[in-house]
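The lines below spell out each chain.
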Amino acid sequence: MKKIIHTSAAPDAIGPYSQAVVHNDVLYCSGQIGLDPETGEFVGDDVASQAKQVMENLKAVLEEAGSSFASNK
């Protein structure tokens, strides 16, 4: 069974794909870019601020799927 993951806390997919998909208990996440989900604009002009936003976007997608960055070790 396939479940499409979408959250408004991360930017909408720019194209015909999903933010993430769960299939057979495996989470497949799409790539992220440094867009602010509220404005749709890039945050800052530097790599550091955009990389931080990428991680915030990915965190939001993971949480929507019931996952996180936490290790299961």
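Residues numbered from 1 in each chain as written. Predicted model: local features only at pLDDT ≥ 70, side-chain atom pairs only at ≥ 80, totals over all residues. Heavy atoms only, no water.

Here we look at the pairing of strand S2 (residues 20–23)
- Taken together, the four bridges between strand S1 (residues 2–5) and S2 define a ladder with antiparallel strand orientation. Within S2, the position partnered with lysine 3 by the bridge is valine 22.
- Two elements, S2 and strand S3 (residues 26–29), share four bridges in a ladder whose sense is antiparallel. Counterpart to histidine 23 in the pairing with S3 is valine 26. (Pairing = 2+ DSSP bridges. Helix = DSSP H or I, 4+ residues; strand = E, 2+ residues; numbered from the N terminus.)

A look at the sheet that holds S1
- Within the open sheet, the three strands sit side by side as S1-S2-S3. Their pairing is antiparallel. Every interior strand has two partners, whereas the edge strands, S1 and S3, have only one. Here the strands of the sheet are splayed against their neighbours by 20° on average, with no regard to which way each runs.
- Sheet strands touched by helix H1 (residues 47–64): S1, S2 and S3. Its angle to S3, the strand with the most contacts, is close to 150°. (Axes fitted to C-alpha atoms, helices over the stretch in contact; angles between N-to-C directions. Contact = heavy atoms within 4.5 Å.)

Examining a nonpolar patch on the surface
- Side chains of Ile14, Tyr17, Ile33 and Phe42 sit close together on the surface and give an oily, nonpolar patch of about 420 Å² of accessible area.
- By the element assignment, isoleucine 14 lies in the loop between S1 and S2. (Patch = residues over 30% accessible without salt bridge, like charges linked within 9 Å, V, L, I, M, F, W, Y side chains within 5 Å. Areas by Shrake-Rupley, 256 points an atom, 1.4 Å probe, with all protein chains shown as cover. Salt bridge = Lys/Arg side-chain N within 4 Å of Asp/Glu carboxyl O.)

A closer look at the nonpolar core
- Core analysis: the largest hydrophobic core is formed by five residues, namely Ile5, Ala10, Ala20, Ala60 and Val61.
- Residues contacting isoleucine 5, with those up to four places away along its chain left out, are Gln19, Ala20, Val21, Val22, Leu27, Val61, Glu64 and Ala65. (Core = buried A, V, L, I, M, F, W, Y, C linked by side-chain atoms within 4.5 Å. Buried < 20%, exposed > 50% of the residue type's maximum accessible area, 1.4 Å probe, protein only.)

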